[in-house]
Amino acid sequence: MKYRDLNIQTQREAPNNARTEGFSFLVRAGYLTRENTSTQLGEVALNHLRDLSKELSFLSQLSLSTIGNDNELFFPIASGSIEVAHCPNCQYAERLEFARLTKTPLPKEEELPLEKVLTPDCHTIEALANFLDIPKERTAKALMYTRVSDNQFIFIVVRGDMQLSEAKLKQHVGDVRTATAEEIERSGAAAGYASPIGLREALIVVDDLIPRSQNLVAGANETGYHLKNTNYARDYSAEIVEDLIQAKAGDACINCGNPLSILPAMSLATRKIYDFENILLALSETNHDSKGLTLPHPAAPFEVHLMQVSGKEMDTRLKAEEIYNNLQDQKISVLFDDRDERAGVKFNDADLIGCPIRVTVGEKGLKEGMVELKPRKEKENQLVHLDNIVEKIKSILK
Ligand SMILES: [Zn+2]
């Protein structure tokens, strides 16, 4: 394709809204507008990736360092909008809100009798644990929601040191909203001092660690009081017992037990449906230098960036056109900078756009039957005879 047909607009300066270098170079090279929409060049790049994705080896051809699972593929990056739990040991990776973890129950104890204790101003787990001088692991945390579809009141119990993942909860009960004070009161629960014991018409949902935890301190459903030694099965039961916990950094991996890391990331694919915009961005984050993009073959939208430098005696442009047609006949994809710009401007733009090989047609070389060829990632030009261009390009791209 020709530079002028694509209406490419490169920028000297990084956009001031650039959050990452990859985004900055995509804008400067003319693939994206500052408003993050694709230009014509951007569409060519995306369509190229789309075509490439029909090949089985697509992902390995991109040379991106990704993490993922059967469902989703992630690219870790500081500016990423999602959080992923990742095990560096076994490569387990999952969106944080759905990540599974290995939970360690406290040592099994004999069940002790319920005991109601006065706990003034203890409406948080922190305050309760401090007041009773016990670790948070020995408390039961209560959360109250209402199901959106039928206004069913839902009472959730997780161990006091853990956080509920609303996403996991919703997988089991459907969409929910926070319960109102009225709904809480109607169930017989007391906000800040709530437990599932003795509730009316509540759907009780507990984390799967709760049945393995004895003698937890829970609310007495009476303001100012808690119950010591509550025990699942003996004192209450649940309709749903499932993993409801949101993992945090350092939690044990579900597969191998090693500590999980939490990484910001972006999603590159969901169930083999690729997000090509994100893939192009990930490629740009990974492949650039101080001058611009250094897109790898075959991910780059063009294999060759062809340009001519105007001469004094010869029509370099005519020769460049000839080479352009010849390369295309040989199934080599070419971006032809057909403008009458100064050489320096064209060199800079070629570096920004980042095709793997630059071919420059100049008067001096042509007199010897040669053109200049420069792989984007290398410093030196090579002089190549006109007859050998195709062969040389193919050997570099191999
Ligand atoms: Zn692991």
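### Quick notes on the packing of helix α2 (residues 21–28) against helix α8 (residues 276–286)
Then, in step 1: It is the contact of α2 with α8, at a shortest axis distance of 7 Å, that shows an interaxial angle of 105 degrees. What the angle tells us is that α2 and α8 run roughly perpendicular. Residues E21, G22, F23 and L26 of α2 lie in contact with α8, whose contacting residues are L280, L281, S284 and E285.
Then, in step 2: For the contact of α2 with α8, the class distribution of residues is four nonpolar, two polar and two charged.

### Some remarks on the sheet that holds strand β6 (residues 115–118)
What links the strands of a sheet is backbone hydrogen bonding, and the strands pair in either a parallel or an antiparallel sense.
Then, in step 1: One open sheet accounts for three strands, arranged β6-β12-β11; its pairing is antiparallel. Each edge of the open sheet carries a strand with a single partner, namely β6 and β11 (216–219). Ignoring strand direction, the axes of neighbouring strands in this sheet form an average angle of 35 degrees.

### Details of the coordination of the zinc ion
Then, in step 1: On the protein side, the zinc ion has C87 (SG), C90 (SG), C253 (SG) and C256 (SG) as donor atoms, found 2.3 Å from it.
Then, in step 2: Here the donor residues for the zinc ion map to a single chain with the spacing C-x2-C-x162-C-x2-C. A residue pair is termed long-range when its members are at least 10 positions apart, and C90 in the loop between β3 (82–86) and β4 (93–95) and C253 in strand β14 (residues 252–253) qualify at 163 residues.
Then, in step 3: Residue C90 is classed as partly exposed on the basis of its relative accessible area of 28%.

### Observations regarding the sheet that holds strand β13 (residues 240–242)
Then, in step 1: Taken in spatial order, the five strands of this open sheet run β9-β7-β8-β10-β13, and their pairing is mixed. Two strands bound the open sheet, and with one partner strand each, they are β9 (176–178) and β13. For this sheet, the mean inter-axis angle between neighbouring strands, taken without regard to orientation, is 30 degrees.
Then, in step 2: Sheet topology places strand β10 (residues 203–207) next to β13; three bridges connect them, and they run parallel. Bridging from a neighbouring strand, V206 pairs with V241 of β13.

### Some remarks on the nonpolar core
Then, in step 1: Counting 41 residues, the largest nonpolar core has Y31, L49, I279 and I353 as the members making the most contacts within it.
Then, in step 2: Here Y31 is in contact with L26, T37, S38, T39, L41, G42, A45, L293, L295, P301 and I353, once residues within four sequence places are set aside.
Then, in step 3: Judged by nonpolar contacts, the second largest core, of 24 residues, contains A99, L101, M162 and L260.

### Regarding helix α3 (residues 40–52)
Then, in step 1: Taking 1.5 Å of rise per residue, the 13 residues of α3 would be expected to cover 18 Å, and the 18 Å separating its terminal C-alpha atoms lies within 8% of that figure.
Then, in step 2: Of the residues making up α3, those classed as buried are L41, G42, V44, A45, L46, L49 and L52.
Then, in step 3: Lining the buried residues of α3 we find α1 (3–6), α4 (58–62), α8 and α10 (343–353).

Reading the values: rules and limits
- Counting restarts for each chain, with residues numbered from 1 along the sequence as it is written.
- This being a predicted model, a pLDDT of at least 70 is required before a residue's local features are given, and a value of 80 or more before pairs of side-chain atoms are given or counted; all residues contribute to the totals for chains, interfaces and linings.
- Hydrogens and water molecules were not included; the side-chain quantities draw on all heavy atoms of the structure.
- Where helices are involved, their axes are fitted lines through C-alpha atoms of the stretch in contact, as for all axes, and angles between N-to-C directions lie from 0 to 180°.
- Helix numbers and strand numbers start at the N terminus; a helix is a DSSP run of H or I with at least 4 residues, a strand a run of E with at least 2.
- Roughly parallel means an angle under 35 degrees; roughly antiparallel means over 145; roughly perpendicular covers 65 to 115; every other angle is labelled oblique.
- In what follows, a contact means two residues having at least one pair of non-hydrogen atoms within 4.5 Å.
- Three residue categories are used. Nonpolar comprises Ala, Val, Leu, Ile, Met, Phe, Trp, Tyr, Cys and Pro, charged comprises Asp, Glu, Lys and Arg, and polar comprises the others, including Gly.
- Any two strands are treated as partners once DSSP identifies two or more bridges connecting them.
- Note on donors: an N, O or S atom is included if it sits within 2.8 Å of the metal, or within 3.2 Å for Na, K and Ca, and water is never included, so sites can look incomplete.
- Relative accessibility under 20% of the residue-type maximum defines a buried residue, over 50% an exposed one, and the middle range a partly exposed one, all with a 1.4 Å probe and only protein chains included.
- Residues belong to one nonpolar core when they are buried, are Ala, Val, Leu, Ile, Met, Phe, Trp, Tyr or Cys, and are joined through side-chain atoms within 4.5 Å.
- Multiply 1.5 Å by the residue count of a helix minus one, and that product is the helix's expected span.

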